[in-house]
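Examining the three-dimensional arrangement
The chain contents come next:
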Amino acid sequence: MIVQWRKSTHSGGVDDKACVELGRLAPGVGIGVRDSKDPGGGHLTLSSVQFASLIEQIKQDSAR
């Protein structure tokens, strides 16, 4: 299966140090998160539950 990665809309330009890409991995495997500046450097694999929890935590942190 070929993963189609998409860059976060919050990732900025060339000088942005926090660029991430997301990709849906094989069915049942989860969601991949990788550094868009180093696509060959591997990725973090999160289950759907873990990914939802991560997004919720980010939203809470941004609201502070």
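All residue numbers refer to positions counted from 1 along the written sequence of the respective chain. Restriction of local features to residues with pLDDT of at least 70 applies here, the model being predicted, together with a cutoff of 80 or more for giving and counting side-chain atom pairs; totals for whole chains, interfaces and linings are based on all residues. Working from all heavy atoms in the structure, the side-chain values ignore hydrogens and water.

1. A few points about the sheet that holds strand E2 (residues 20–24)
One requirement defines pairing of two strands: DSSP has to find at least two bridges between them. In DSSP terms, a helix is any run of H or I states spanning at least four residues, a strand is any run of E spanning at least two, and both are numbered starting from the N terminus. Judged by pairing direction, the sheet is antiparallel, and its four strands sit side by side in the order E1-E2-E3-E4 without closing on themselves. Two strands close off the open sheet at either side, each with one partner strand: strand E1 (6–7) and strand E4 (44–46). Of the strand pairs in this sheet, E2 and strand E3 (residues 31–35) are connected by five bridges, and their pairing is antiparallel. Across the sheet, residue Gly 23 finds its bridge partner in E3, namely Gly 32. Any two residues whose heavy atoms approach within 4.5 Å are treated as being in contact. Lines fitted to C-alpha atoms define the axes here, with helix axes fitted over just the stretch in contact, and angles between the N-to-C directions of these axes take values from 0 to 180 degrees. Sheet strands in contact with helix H1 (residues 48–63) are E2, E3 and E4, and its direction is about 100° off that of E4.

2. Here's the deal with the pattern of salt bridges
Salt bridges are identified by distance alone: a Lys or Arg side-chain nitrogen within 4 Å of an Asp or Glu carboxyl oxygen. Under the criterion given, the structure shown has two salt bridges. The residue Arg 34 makes a salt bridge to Glu 21 at a minimum N-O spacing of 2.6 Å. In this pair, Arg 34 sits in strand E3 while Glu 21 sits in strand E2, placing the two residues 13 residues apart along the sequence. Of the two residues, Arg 34 and Glu 21, neither departs from the other in class, the shared state being buried. Relative accessibility decides the category of a residue: with a 1.4 Å probe and only protein chains considered, values under 20% of the type maximum give buried, values over 50% give exposed, and everything between is partly exposed.

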